[in-house]
Amino acid sequence: MTKSKMGKLDMEYDDVGTNDSSHLQSGSGINSKIDYKFASKGPQIKAALAGSIGAFILGTIIGWSSPVQPQLQSNSTQSGDGDSMWLADVTLDDNQMSWVGSLSNLGALFGALTGGILMDRFGRRSILMAMSLPYFIAWMLIAFAVNPAMLYVGRLLGGIAGGICSVVSPSYLGEISMPSLRGLLGMFFSSLLCAGILVTSLTGWLNWRLISGIAAVHPIILLVAMFFVPESPYHLIKTGRTSDAQKALKWLRGPDYNIAPEIMQMEVRLNAELAEKFSPSDLFKPWALKPLLLAVSLMIFQQLSGINAAVYNAVAIFESAGSTLDTLVCAILLNLDQLVVTIASSLLVERLGRKTLFVISESVMCLSLAGLGAFFYLKENSQTDPAIIESLSWLPLVSLILFIAAFGIGAGPVPWLMTGEVLPAKIKGPGVSIAVFTNWFLAFVVTKSFVNIQEALTSAGAFWMFGGFCVMGTLFGLFLLPETKGKTQEEIQAFFNKSK
């Protein structure tokens, strides 16, 4: 097997002593239970944080259009001191702003299609580092835009990079984590995504060009952070770089951990996967199709939960409750709500489990949407006594806050976490791409068509429709979703193979 040069990373690994063959032979056997008692958690947390920065940048892209919309549609490039001296003003009509808001979803859709191929060909770490370039270019195009076309290209390019990160980052997090930490670290993707959205909201009072310029710093942080963490050991084993895989795993698990059993387990799993060359037809075999359908279903229920409907109507809901808060303040409160519960979910996922959090999330969202639908049904009904509407003014606000919290604790993060867990390594590249493609495709469709849905079904009907999908999601979680808490990759795959 060939040894590759990993630059500065190799120098950081050189002192771990993983090339000692006697150490590798000291494992207690391939089929033995791996003892993680002496594994360090700190390095895994550092690597997971670095691997999730791409999600933070994606969050800034998703959250950007909401706070800057008033500026772009009122011909305002002001930060309080007057118009821009060097750049022409950019003014967008409703249709152009709609495209600016949705092109990132469209870009992510196409990025998801290529993410799996790229990470299998070049590695997880390498692709995450490479995404810093399109992210940076995207923000520069937006910051210095002089016409709508530059905004379109910047949003599309940023979405493509975000779609690729949506595929690569969850896979990287799942492959570097030991089973007891995989749930917590897997939640980093969703947590940093929410953090990116919140940070953009907090800067919403600034000039839109300045917001974009600040966001352009984040891709540089991504590049630097990924430079100091290792590649996925499994990917290194898969590409024949066993020595590098030993160094990477020793870095991740610490000097007191015996890497031999885990390395041997990876090699056994890889040999089993390479016994047959991958072909597209593998995706339709039971051992691959079952987890793939599970991952796709999770993404479908996430996007059809009504999250876009709730966010789209957030201002109207706050106004219905009699709130006089600024729309930007409303957005900050909702984004903070989602971030707090997503972080709470990351702390609960290894205690309550993925299945439990998902079922609780879907059922609470269903109740919240039922409340929102009921309020808007009464409000839109001309025969309703205004006094009743007044007495229920608290209902939409409470329902919305509860809905966002429920989404953040389960339906938001769990699909990203479990997609990286349940897919077999042999089909992980194309499998994750298919699942993430489904997610972004539905996000684009729902975002672009929600106004039409609202016109056809009324606001009440739209909320009830999404509530119906949440009922289906609850039943899916109760009867079809397996629990992966604390299970190794081998145990998870054994579950899908047992009825093959």
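In this text, all values refer to a predicted model and were calculated from it rather than measured experimentally. (Residues numbered from 1 in each chain as written. Predicted model: local features only at pLDDT ≥ 70, side-chain atom pairs only at ≥ 80, totals over all residues. Heavy atoms only, no water.)

**Q** I'd like a rundown of the environment of Ala 47, residues and numbers included.
**A** Residue placement: Ala 47 occurs in helix H3 (residues 42-51). Residue Ala 47 is classed as buried on the basis of its relative accessible area, which comes to 0%. As a C-alpha pair, Ala 47 and Ile 176 span 129 residues in sequence and 7.9 Å in three-dimensional space. Every residue in contact with Ala 47, bar those within four places of it in the chain, is listed here: Tyr 172, Ile 176, Val 229, Trp 251 and Leu 252. (Helix = DSSP H or I, 4+ residues; strand = E, 2+ residues; numbered from the N terminus. Buried < 20%, exposed > 50% of the residue type's maximum accessible area, 1.4 Å probe, protein only. Contact = heavy atoms within 4.5 Å.)

**Q** Run through a nonpolar patch on the surface, naming residues and quoting values.
**A** Residues Leu 133, Phe 136, Ile 137, Ile 220, Leu 223, Val 224, Phe 227 and Phe 228 make up a contiguous nonpolar surface patch of about 660 Å² in total accessible area. For the nonpolar patch, the secondary structure elements donating two or more residues are helix H7 (132-143) and helix H12 (217-227). In this fold, Ile 137 is placed in helix H7. Its relative accessible area of 37% is what places Ile 137 among the partly exposed residues. (Patch = residues over 30% accessible without salt bridge, like charges linked within 9 Å, V, L, I, M, F, W, Y side chains within 5 Å. Areas by Shrake-Rupley, 256 points an atom, 1.4 Å probe, with all protein chains shown as cover. Salt bridge = Lys/Arg side-chain N within 4 Å of Asp/Glu carboxyl O.)

**Q** Kindly report on the nonpolar core, identifying the contributing residues and their values.
**A** The biggest cluster of nonpolar side chains holds 96 residues, and the ones touching the most others in it are Trp 64, Tyr 135, Leu 151 and Trp 208. Excluding anything up to four places from it in sequence, Tyr 135 contacts Gly 54, Ile 57, Leu 58, Ile 61, Gly 158, Ala 161, Gly 162, Cys 165, Pro 219 and Leu 222. If you look at the next biggest cluster of nonpolar residues, it comprises 31 residues, including Ile 307, Cys 366, Leu 372 and Ala 411. (Core = buried A, V, L, I, M, F, W, Y, C linked by side-chain atoms within 4.5 Å.)

**Q** A description of the pattern of salt bridges should follow, citing residues and the corresponding values.
**A** Per the stated rule, a full pass over the model turns up ten salt bridges. Between Glu 175 and Lys 428 there is a salt bridge whose closest N-O contact spans 3.9 Å. With Glu 175 in helix H8 (residues 148-176) and Lys 428 in helix H24 (residues 428-479), the pair connects residues that are 253 residues apart, well separated along the chain. Accessibility assignment for this pair places Glu 175 and Lys 428 in one class, buried. Residue Lys 285 is joined to Asp 282 by a salt bridge in which the shortest nitrogen-to-oxygen separation is 3.0 Å. Exposure remark for Lys 285: the relative accessible area of 29% places this residue in the partly exposed category. Using a relative accessible area of 2% as the deciding quantity, one classes Asp 282 as buried. One salt-bridge network, held together by shared partners, links Asp 120, Arg 124, Glu 175 and Lys 428.

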